[in-house]
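# Understanding the architecture of this molecule
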Amino acid sequence: GSYISKAKQNGQLTDIGVYFRDLQYGPTFGINEYAEFSPASLLKLPMMVTYLTLYEDNHDILDVSIYYTGKYESDLTQSIKPNVSAVENKKYKIRELIDMMIKNSDNNSYYVLLDYLNEISTDTQVLRDTFIDLGVIDPQTELDETITVKSYAGIFTQLFNSSYFSNKDTSELALDILSKTDFHDGIVAGVPKGVQVAHKFGERYDLVSNVFQLHDCGVVYFPKNPYLLCIMTKGRNMSDLKNIVSGISKMVYKEFESRRL
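Numbers given for residues are sequential positions, taken from 1 along each chain in its written order. Whole-chain, interface and lining totals are the exception, using all residues; otherwise, since this is a predicted model, local features are given only for residues with pLDDT of at least 70 and side-chain atom pairs are given and counted only at 80 or more. No hydrogens and no water enter the side-chain calculation; it runs on all heavy atoms of the structure.

## Considerations on the nonpolar core
The biggest cluster of nonpolar side chains holds 55 residues, and the ones touching the most others in it are Met48 and Tyr152. Helix and strand definitions follow DSSP, with helices as H or I runs of at least four residues and strands as E runs of at least two, each counted in order from the N terminus. At 7 residues, helix 2 (residues 44–57) tops the list of elements feeding residues into this core. We call two residues in contact when some of their heavy atoms are within 4.5 Å. When sequence neighbours within four positions are dropped, the list of residues in contact with tyrosine 152 reads Leu42, Leu45, Val136, Ile147, Lys200, Cys217, Cys230 and Met232. Buried residues of nine kinds, namely Ala, Val, Leu, Ile, Met, Phe, Trp, Tyr and Cys, make up a nonpolar core once their side-chain atoms join them within 4.5 Å. Burial classes: relative accessible area under 20% of the type maximum marks a residue as buried, over 50% as exposed, and values in between as partly exposed (1.4 Å probe, protein chains only). One finds Ala7, Tyr227, Leu229 and Phe256 within the second-largest nonpolar core, a separate group that totals 27 residues.

The following block contains the structure:
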């Protein structure tokens, strides 16, 4: 709490939401867990969940190839650019697009997958159903919607407890893909090297208000006792937000290690 107060006084932070859950024994705590933030790239996780739901009924779907024409223009600027992105005029298997969308937070892959979903499920609104089932927002437009740490953290709880998919292996596949996320400046930077984190980050910059948002949520595989940590932030400077997220992650890890939580 004092760490957050100090960051706000220093002007490094304008808003924050934090949610923690001990995934073995159940204790939780939250700070502003119902505060609202822009989900940004966090929406890529429900997209993956939707495809993995389809995969449970049809294992061949991940090997379907989609042609990417390179037609997508987004109004959203990415401060943290993807290291790997779908290249135009090329065919990709759905499993490759999911990997790039999650691991590299690639917007191109997200839009290709969204288009294909609309193509194959015009009547069922399968993506919207996923959002409702997961207990998070039903996104109408990528610019306007909001999300809370509490609601988003619930997705990871369901994946960890294998309670969302009908098959436990599907939950394990989802967490395995999330553990390859190549953003290492948030939660990952706060835990010792070698500790696995299955997570998704999101970031947003609002040109009008000159406010950055940075979020990082996931499962920290603390030896024999994994925990869930979800942090959402707003501020004037992206590097400050990275430091705050990694700083909170470090404090939580140390505190958890000493078993005072």
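Still to come is the rest of the account.
## Describing the packing of helix 3 (residues 94–103) against helix 4 (residues 107–120)
Axis definition: a line fit to C-alpha positions, over the contact stretch in the case of helices; interaxial angles, taken between N-to-C directions, run 0 to 180 degrees. The interhelical angle for the contact between helix 3 and helix 4, taken along N-to-C directions, is 135°, at an axis separation of 8 Å. With respect to helix 4, the element helix 3 is oriented oblique. By crossing handedness, the relation of helix 3 to helix 4 is classed as left-handed. Contacts from Ile94, Leu97, Ile98, Met100 and Met101 in helix 3 reach Ser109, Tyr110, Val112, Leu113 and Tyr116 in helix 4. Taken together, the residues that form the contact of helix 3 with helix 4 break down as 9 nonpolar, 1 polar and no charged. In what follows, roughly perpendicular refers to angles from 65 to 115 degrees, roughly parallel to angles under 35, roughly antiparallel to angles over 145, and oblique to any angle outside these ranges. In this scheme the handedness of a crossing depends on how the near helix is turned from the far one: anticlockwise by less than a right angle means left-handed, clockwise means right-handed. When residues are grouped by polarity, Ala, Val, Leu, Ile, Met, Phe, Trp, Tyr, Cys and Pro land in nonpolar, Asp, Glu, Lys and Arg in charged, and all others, Gly among them, in polar.

## A few points about the side chain of aspartate 106
Its place among the elements puts aspartate 106 in the loop between helix 3 and helix 4. No salt bridge is formed by the buried aspartate 106, whose closest oppositely charged neighbour, lysine 44, lies at an N-O distance of 6.7 Å. Polar contacts here mean pairs of N or O atoms no more than 3.5 Å apart (in protein, one a potential hydrogen donor and the other a potential acceptor; neighbouring residues in sequence count only if both atoms are side-chain atoms). Looking at aspartate 106, its side chain comes within polar contact range of the main-chain nitrogen of alanine 86, at 2.9 Å. Two residue types count as positive, namely Lys and Arg, and two as negative, namely Asp and Glu; His and chain ends fall outside the count. Here, a salt bridge means any side-chain nitrogen of Lys or Arg that lies within 4 Å of a carboxyl oxygen of Asp or Glu.

## Section: the pattern of salt bridges
Counted under the stated rule, the structure contains 5 salt bridges. For lysine 180, the salt bridge goes to aspartate 176, with nearest N and O atoms at 3.1 Å. For lysine 180, a relative accessible area of 44% puts it in the partly exposed group. In this structure, lysine 242 and aspartate 185 form a salt bridge, with 3.5 Å as the shortest nitrogen-oxygen distance. Placement of the pair is lysine 242 in helix 8 (residues 238–257) and aspartate 185 in the loop between helix 7 (168–178) and strand 5 (197–206), with a sequence separation of 57 residues. Judged by its relative accessible area of 22%, lysine 242 falls in the partly exposed class.

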